[in-house]
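Chain residues, written in single-letter form:
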Amino acid sequence: MNAATWPREDKSRERLLWIDPAAATFGDAHVGDLPSRLRRGDLLVVNDAAVLPASLVGETDEGRRVEARLVAPEKHGWKAVLFGAGDWRTRTEDRPPPPALVSGDRVTFASNLTAIVARASEGRVVTLRFTNEGDSFWSALYQHGRPVQYAYTRAPLPLFHVQSAYAAEPWAVEMPSAGRPLTFALIRDLRRRGINVARVTHAAGLSSTGDAALDATLPWPERYRVPAETVSDIEATQRARGRVVAVGTTVVRALEGVVRDRGALVPGDGVTSLRIGPGFVPRVVSGLFTGIHDPSASHFMLLQAFAGRDLLTQAYDHASLAGYAGHEFGDSCLILRDTSASRGLAAA
Amino acid sequence: MRIDGSAALVTGASRGLGAALSRELARRGGRVVLVGRSIDTLEPLVQEICASGGEAHAVVGNVADKSATHVIAGAAAALVGAVHLLVHNASTLGHVPLRPLLDTDCEELSRVLDVNLVGPFRLSKAIAGSMALRGRGMVVHITSDAAVEAYPEWGAYSVSKAAFDHLARIWAAELAPAGVRFLSVDPGEMDTQMHADAIPGADRATLGRPADVARRVVSLIAGVPLGRGERVVLGRAS
C-alpha cells in the first residue's frame, strides 16, 4: 500500500474502509460517511493528547551528532531513543547507530537545552536528565524540538500538521493519527445524530526505534488519563446498548488497560503495559476507527481483537488494490459489528 | 467561570493590562501562563506573582508568528494542563505616531491585522478545540472603542478591532452549543504605555489604572453569565 506523504486538503473525502466482523464483510466509503456507519446512542472515544516536538538533534562533547526521540518523562528525566547521523529522511532501520553513551555523558541540543545521560542500560535507549526544567525546559523544547516523522513523508512537518482538532496536553510523541480526519464539522454532525464524542488522554509512543529487537518490544508502557465524565458516558452508552468505538489503538489501550489494571473502568491516571492481540476479549470497546494497518505492523495484531485475521487480510488486500493510502496521513478503517447494516453508501 | 484552579493563558502579558490581568487571575487562584515576546520582561513578573503565592509561568512567543501558535499552546498545556481561559490581550497600534489611512503602508495594515486579528484566530483555533470537546471554556477578546468609532488616524488598529469583535461573535455562534464562551471586553482608556504612544500628553488622571480595570475584567469573567460574543464596555469606575 502506498503511504500518504502529506496531509490532504479535504478530510471528509478521505476514504473509509468499513469492516463488519459479524457479517464477515467489508466495503468502501468516505470519512464524511462515518456518521451513517454508526447508530444513535453509539459513543466515539478520542485521544486528545497533543503531540510534543519530541525529536531533538544534538552533539556529544566529542562532536558526534545524535538525534534523541523523547519517549516519556520518567522520575529522573526523559526516556529517549537515540539515533546516529542522518535525520527523518533516512528510514529509521537504515540509520547508523548512535554514538555509545554512558551515564554522565553530556548531549548539547542548543545553548539553552543540554542533557546529561542519567542511565544508558539498553543500547540506544537512555534516560536524559535535562539541565533546565519547568518553564525554561518547555520553552526550549518547543523552540528546538521537531515532530518525530518518518522517511515516507514529503517535507519537514510543522507542529500544526500533527495535532488533532481537539488536542490539549502534549503527552504524545507521535500523532494519535486515527483522530486526524475528525474535523469539527464531522464531530458536530455526529453529535446532531445522537452519537456522542468522549475523550481520554493517552501518551502515544514511538512506532519505530530503528532496532528490530527493540521494535519487537513495542508498544512500551504508556501513561493515560481517563476522565470521570468519559466513564459516565461509557456506562450510559453500555446501559442503552450503544457501542463504544475507540478512535485509534491508543484509546483501546487506555480503556482496556484501566479495566485490566484496576479491575473495572474507573476514572484516573495510570500507566499501562497492556498488549492486545488475537484472543484478547475487549470489555469496554466494541469497535475501532483507525488507520489502515499493514498485516506486518504491530497494530495489526491489536486489530485481531476485533476481527479475524482472514477478514482483516482480505480487507487490507482490497484496500491496497483500490488505492487506499497508509500511515498517519492516510485513509481510515472502521471495524465494527453490524456496520454493514447501517445506511452506508457502498457495500462490498 | 471559576477562576480558582483554572488554567489561564494571557497574551501580551509583559506590561499594561496584560500584566495586571495576569496578577489578578493568579491572585484569585488561577494557574496563569504569561505570553510575551521577551523573557526579560516576563520573568520578573512571573517571579513577582510566584513570590506572592500565585502560580505563573512564562512562555515566549509572538502571536503574529504562525509557527509560534502551537509552541504557545503546547508549552502552556504542558505547564498548566488544558487551558480553560484564553485572554487575547496582545495588541499593536501599528505605526506611532498614528497616521491617516492615505499615509498607512499596506504592509503596516497587514502587520496590525496579524497581531490583532489573525494571531488570536490561530491561537483560538489551537486551544478552543479542546474546550469544545470538553464542553467548557472561555475566550476573552480585549477590544477597544476604536472597534465601533471611526476615529481619524486610528485606521489600521480600528479595522483590526472591528473584525476582532466580529470574530468573537462568529466563534460564539459556532461554539456556544459546544459550551465554549466568547466575550469581547472594551476596558476603556487606561494609563498604559500603549495609550501614551497613541495619545502623548493625555491627562493621566483621567485614565483608568490597569490594576483596577483588571479586577473588573476578571470579576466579569468570573461572575457574569455572558459569552455569546457580547461586547461589554467597562465604563469608568465610580
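These figures come from a predicted structure and were not determined experimentally.

### Considerations on the overall build of chain B
- Looking only at helices and strands, one finds seven helices and seven strands in chain B.
- When the helices and strands of chain B are read in sequence order from the N terminus, they spell out β-α-β-α-β-α-β-α-β-α-β-α-α-β.
- By the compact-globule yardstick of 18 Å for 238 residues, chain B fits well, its C-alpha radius of gyration being 17 Å.
- By principal-axis analysis of the C-alpha atoms, chain B measures approximately 45 × 40 × 35 Å.
- Evaluated residue by residue, chain B yields a buried proportion of 54% over its 238 residues.
- At a minimum sequence separation of 6, the contacts of chain B that also span at least 24 residues come to 70%.

### Things to note about the interface of chain B and chain A
- Taken together, the contacts link 19 residues of chain B with 19 residues of chain A.
- Among the elements of the structure, β3 (55–60), α3 (69–80) and α4 (106–134) of chain B are those that each provide at least two residues to the side of chain B that touches chain A.
- Here the side of chain B that touches chain A gets eight residues from one element, more than from any other, and that element is α3(B).
- Looking at side-chain class alone, the side of chain B that touches chain A contains eleven nonpolar, eight polar and no charged residues.

### Some remarks on the packing of α3(B) against α4(B)
Residues and elements named next belong to chain B.
- Between α3 and α4, whose axes approach to 9 Å, the crossing angle comes to 40°. Considering the angle they form, α3 stands oblique to α4. Of the two possible hands of crossing, α3 and α4 adopt the one that is right-handed. Residue-level inspection shows T69, H70, I72 and A73 of α3 in contact with α4, the latter providing R122, L123, A126 and I127.
- Considering only residue class, the contact of α3 with α4 consists of five nonpolar, two polar and one charged.

### Looking at the sheet that holds strand β1 (residues 7–11) of chain B
Residue and element names in this part refer to chain B.
- If you trace the seven strands from one edge of the open sheet to the other, you get β3-β2-β1-β4-β5-β6-β7, paired in parallel fashion. For this open sheet the edge positions go to β3 and β7 (228–233), each flanked by a neighbour on one side alone. With direction set aside, neighbouring strand axes in the sheet form an average angle of 20°.

### A look at the domain arrangement of chain A
Residue and element names in this part refer to chain A.
- Segmenting chain A into domains produces domain 1 (2–51 + 156–341) and domain 2 (55–144).
- Centre-to-centre separation of domain 1 and domain 2, based on C-alpha positions: 30 Å.
- The interface is formed by eleven residues belonging to domain 1 together with eleven residues belonging to domain 2.

### Concerning the sheet that holds strand β13 (residues 196–202) of chain A
Residue and element names in this part refer to chain A.
- Spatial ordering of the open sheet is given by β3-β2-β19-β17-β15-β4-β13-β14-β16, a layout of nine strands whose pairing is mixed. Of all strands in the sheet, those with a lone pairing partner are β3 (25–30) and β16 (268–272), marking the two edges. Adjacent strand axes in the sheet meet at a mean angle of 25°, parallel and antiparallel pairs treated alike.
- Pairing analysis gives three bridges linking strand β4 (residues 43–47) to strand β15 (residues 244–247), with the strands arranged parallel. Bridge assignment links L43 to a residue of β15, and that residue is V244.
- Packing of helix α5 (residues 228–239) onto the sheet brings it into contact with β4, β13, β14 (222–226) and β15, and relative to β13 it is tilted by some 135°.

### With respect to helix α7 (residues 210–223) of chain B
All names here are of chain B.
- Spanning 14 residues, α7 covers 20 Å between terminal C-alpha atoms, matching the ideal 20 Å at 1.5 Å per step.
- P210, V213, A214, V217, V218 and I221 are the residues of α7 that are buried. The arc that holds the buried residues of α7, viewed along the axis, is 130°, so those residues lie on one side.
- In the core, the buried residues of α7 are packed alongside α1 (16–27), β4 (85–88), β5 (137–142) and β6 (180–186).

### Some remarks on helix α6 (residues 249–262) of chain A
Residue and element names in this part refer to chain A.
- With 14 residues, α6 extends 19 Å from end C-alpha to end C-alpha; this agrees with the ideal 20 Å at 1.5 Å per step.
- α6 sits mainly inside the fold: ten of its 14 residues count as buried.
- Regarding α6, the residues found buried are T249, T250, V251, V252, R253, A254, L255, E256, G257 and V258.
- Taken from the residues just after α6, G263 is the one with a positive phi, measuring 85°.

### Looking at the pairing of β15(A)
Residue and element names in this part refer to chain A.
- A two-sided burial pattern is seen for β15, the buried positions comprising V244 and A246 on one face and V245 and V247 on the other.
- Relative to strand β17 (residues 287–291), β15 runs parallel, the two being bridged by three bridges. Its bridge partner lying in β17, A246 is registered against L288.

### Topic: the confidence of the model for chain A
- Chain-level pLDDT for chain A is 93 on average; 98% of the residues reach the 70-or-more range.
- Note that pLDDT drops below 50 for residues 344–348 of chain A; the model gives that stretch 16 contacts with residues more than four away or on any other chain.

### Some words on the nonpolar core
- With 173 residues, the main nonpolar core has A:L17, A:V45, A:A172, A:L255, B:V10, B:L34 and B:A76 as its most contacted residues.
- Looking at this core element by element, the count peaks at ten residues for α4(B).

### Concerning the packing of helix α2 (residues 134–144) of chain A against α3(B)
- The N-to-C vectors of α2(A) and α3(B) enclose an angle of 150°; their axes lie 10 Å apart at closest approach. In terms of orientation, α2(A) and α3(B) fall into the roughly antiparallel class. Where α2(A) crosses over α3(B), the two elements pack in a sense that is right-handed. Facing A:D135, A:W138, A:S139 and A:Y142 of α2(A), the residues of α3(B) in contact are B:V71, B:G74, B:A75, B:A78 and B:L79.
- A per-class count over the contact of α2(A) with α3(B) returns six nonpolar, two polar and one charged.

Rules used throughout
Residues numbered from 1 in each chain as written. Chains lettered and ligands numbered in written order. Predicted model: local features only at pLDDT ≥ 70, side-chain atom pairs only at ≥ 80, totals over all residues. Helix = DSSP H or I, 4+ residues; strand = E, 2+ residues; numbered from the N terminus. Rg over C-alpha atoms; globule rule 2.2 N^0.38 Å. Buried ≥ 20, exposed ≤ 12 C-beta atoms within 10 Å, placed from the backbone. Contact = placed C-beta atoms within 7 Å. Nonpolar A, V, L, I, M, F, W, Y, C, P; charged D, E, K, R; others polar. Axes fitted to C-alpha atoms, helices over the stretch in contact; angles between N-to-C directions. Parallel < 35°, antiparallel > 145°, perpendicular 65-115°, else oblique. Left-handed = near helix turned anticlockwise from the far one by under 90°. Pairing = 2+ DSSP bridges. Domains from an automatic or database assignment. Expected span 1.5 Å × (residues − 1). Arc of directions from axis to C-beta. pLDDT = per-residue confidence, 0-100. Core = buried A, V, L, I, M, F, W, Y, C linked by C-beta atoms within 7 Å.

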